[in-house]
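# Descriptive structure summary
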Amino acid sequence: MVQGSLNMVGYGLSAVGPGIGVGIVFAAFINGVARQPEARGQLQTIAFIGFALSEALAIIGLVLAFAI
Amino acid sequence: MISSSWTQVPAPPGPPPMPAEGFKAPGVEDFNIPPIFEGIPVLEWFDKVSIQFIVAAIIVYLFYALATKNAKIIPGRLQFAAEKFQGLVRDQIARDNIGPEFRRYVPYLVALFAFILVNNVFGIFPFIQFPSFSHPGMAYALAIVTWLIYNYVGIRKQGFGGYIKLQTWPPGVPWAVRIVLTPIEFISNFILRPVTLSLRLFGNMLAGHLLLLVFIFGGEYMLTLADSLVLNILSPFAFLFAIVMTFFEAFIQVVQAYIFTILTASYIGASLADEH
């Protein structure tokens, strides 16, 4: 018999989307640096902000998993 | 970078719970640390986490006080480290995100970065080994300060109406889209920003610490309590992986402090931005 909360399954599912999004953000960052290494500083800032924005969805999922 | 987290829900009232044998995974209740000064009137508000908070503030203050006490043109080791850190925050975080008026926000950003970093490193520091921000209230405090700052500087620069307009009224959008976009922008900029800012830090610290607990308690269980010889022999791998994850945690802790600071700078920059 398995015990636990179904919320955690929901959270796992909701983490898929942000995971893909974060992957895309950093893939674009690596591509950009490979094409133009001197732009690394600027791209790094943008990449971390994009990462934070897409990760926000995972955080909302985490909160709902514990809250509801 | 949120790792999945485990939780132990209270057993449902229906069927009797499983007998208490086997491995019990560590859960969120492992983060309830006992009070230190039980029953003493004012001191009982201080537990391990708030003491860590105060110690971290003292460490950051002492570091910068010592490093800049005898500031020389050719810096010594300590002064060099302090200047390097301040220069990193100023050049890579403040200048890129805030724009021409970045200079007055550098002190807050440096202090924020250093304070979060010290608090996070407490998570893997020997004999302390508890990240302060795995209690959400601690992260809320920092997010509220950031929220107040970016709203205050925005209102001061743009005026109240102009600031609200800047944050909720992006130019060049057809009116049909605005009906949906303006509420979303409002919720996102005024409510979700501080919430995600604090919960990102909290979630990463909680999940990372839980991960270490799982590997270390699991390894201990496999080594000492399990009946099977295979598990006893395999237990060093759990400890080995705990060490690997400790280094990964160190990386995550630095990245989270960096992200908190860079997002603060970018929110301040967005509040100060001129309309295009």
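All values reported here derive from a predicted model rather than from experimental measurement.

The next point concerns the packing of aromatic side chains. Residue and element names in this part refer to chain B. Under the criterion given, the structure shown has 15 aromatic pairs over all chains. Aromatic pair Phe31 and Phe130: ring centres 5.9 Å apart, planes at 55°, arrangement tilted. In this pair, Phe31 sits in the segment before helix 1 (48–67) while Phe130 sits in the loop between helix 3 (106–121) and helix 4 (136–158), placing the two residues 99 residues apart along the sequence. An identical accessibility class is assigned to Phe31 and Phe130; each is buried. Summarising the aromatic geometry, the rings of Tyr150 and Tyr267 are spaced 5.4 Å apart at their centres and angled 55° between planes, so their arrangement reads as tilted. Linking Tyr150 in helix 4 with Tyr267 in helix 7 (residues 229–272), this pair joins segments that are 117 residues apart in sequence.

One finds Phe48(A), Ile93(B), Ile98(B), Ile116(B), Phe133(B) and Leu263(B) to be the most contacted residues of the largest nonpolar core, which totals 63 residues. Elements with a minimum of two residues in this core: helix 2 (16–35) and helix 3 (40–67) of chain A together with helix 1, helix 2 (77–98), helix 3, helix 4, helix 6 (175–225) and helix 7 of chain B. For this core, the leading source of residues is helix 7 of chain B, giving 11 residues. When residues no more than four places from it in sequence are discounted, the contact partners of Phe48(A) are Phe26(A), Val255(B), Tyr258(B), Ile259(B) and Ile262(B).

Our next topic: the interface of chain A and chain B. Counting residues at the interface gives 20 residues for chain A, matched by 23 residues for chain B. Taking both sides of the interface into account, the surface hidden between chain A and chain B amounts to around 2,000 Å²; carbon and sulfur atoms contribute 74%. Summed over the shared surface of chain A and chain B, the result is one salt bridge. Where chain A packs against chain B, one counts two residue pairs in polar contact (both at pLDDT 80 or more). The leading source of residues in the side of chain A that touches chain B is helix 3 of chain A, at 14 residues.

With that out of the way, let us pick up a nonpolar patch on the surface. A surface patch of nonpolar side chains, amounting to about 650 Å² of accessible area, comprises Leu57(A), Ile60(A), Leu64(A), Phe186(B), Ile187(B), Ile191(B), Leu192(B) and Val195(B). Elements with a contribution of two residues or more to the nonpolar patch: helix 3 of chain A together with helix 6 of chain B. Element by element, the count of residues in the nonpolar patch is highest for helix 6 of chain B, at five residues. Relative to the helices and strands, Ile191(B) resides in helix 6.

Here the focus is the UniProt feature "domain: V-ATPase proteolipid subunit C-like" (unreviewed entry) in chain A. UniProt's entry tags residues 11–67 of chain A with the feature "domain: V-ATPase proteolipid subunit C-like" (unreviewed entry), counted in the numbering of this structure. In residues 11–67 of chain A, helix accounts for 91% and strand for 0%; the two terminal C-alpha atoms are 12 Å from one another.

Rules behind the numbers
- Position labels on residues start from 1 in each chain and follow its written sequence.
- Whichever chain is written first becomes A and whichever ligand is written first becomes 1, with later ones labelled in order.
- Totals for whole chains, interfaces and linings use every residue, but because this is a predicted model, local features are given only for residues with pLDDT of at least 70 and side-chain atom pairs only at 80 or more, for both listing and counting.
- Calculation of side-chain values draws on the structure's entire complement of heavy atoms; hydrogens and water are dropped beforehand.
- Note on aromatic pairs: the rings of Phe, Tyr and Trp (six-membered ring only in Trp) are paired at centre separations within 6.5 Å, and the planes decide the class, stacked below 30 degrees, edge-to-face beyond 60, tilted for the rest.
- Only DSSP runs of H or I with at least four residues qualify as helices, and only runs of E with at least two residues qualify as strands; both kinds are numbered from the N terminus onward.
- Here's how the labels work: a residue is buried when its accessible area is under 20% of the maximum for its type, exposed when over 50%, partly exposed in between, all with a 1.4 Å probe on protein chains only.
- What we call a nonpolar core is a set of buried Ala, Val, Leu, Ile, Met, Phe, Trp, Tyr and Cys residues that are connected through their side-chain atoms within 4.5 Å.
- Two residues qualify as a contact provided that any one of their heavy atoms is within 4.5 Å of a heavy atom in the partner residue.
- Computed with a 1.4 Å rolling probe, the buried area is the accessible surface lost when two parts are put together, summed over both parts.
- Salt bridges are counted wherever a side-chain nitrogen of Lys or Arg sits within 4 Å of a carboxyl oxygen of Asp or Glu.
- Here a polar contact is taken to be a pair of N or O atoms separated by no more than 3.5 Å, where protein atoms must pair a possible hydrogen donor with a possible acceptor and residues adjacent in sequence count only if both atoms sit in side chains.
- Patch members must show over 30% relative accessible area and no salt bridge, and they are joined within 9 Å when carrying like charges or within 5 Å when they are nonpolar side chains of Val, Leu, Ile, Met, Phe, Trp or Tyr.
- Using a 1.4 Å probe, the Shrake-Rupley method yields the accessible areas, and only the shown protein chains count as cover for residues.
- UniProt positions are given in the numbering used here, feature names are shortened, and annotations may be inferred rather than shown by experiment.

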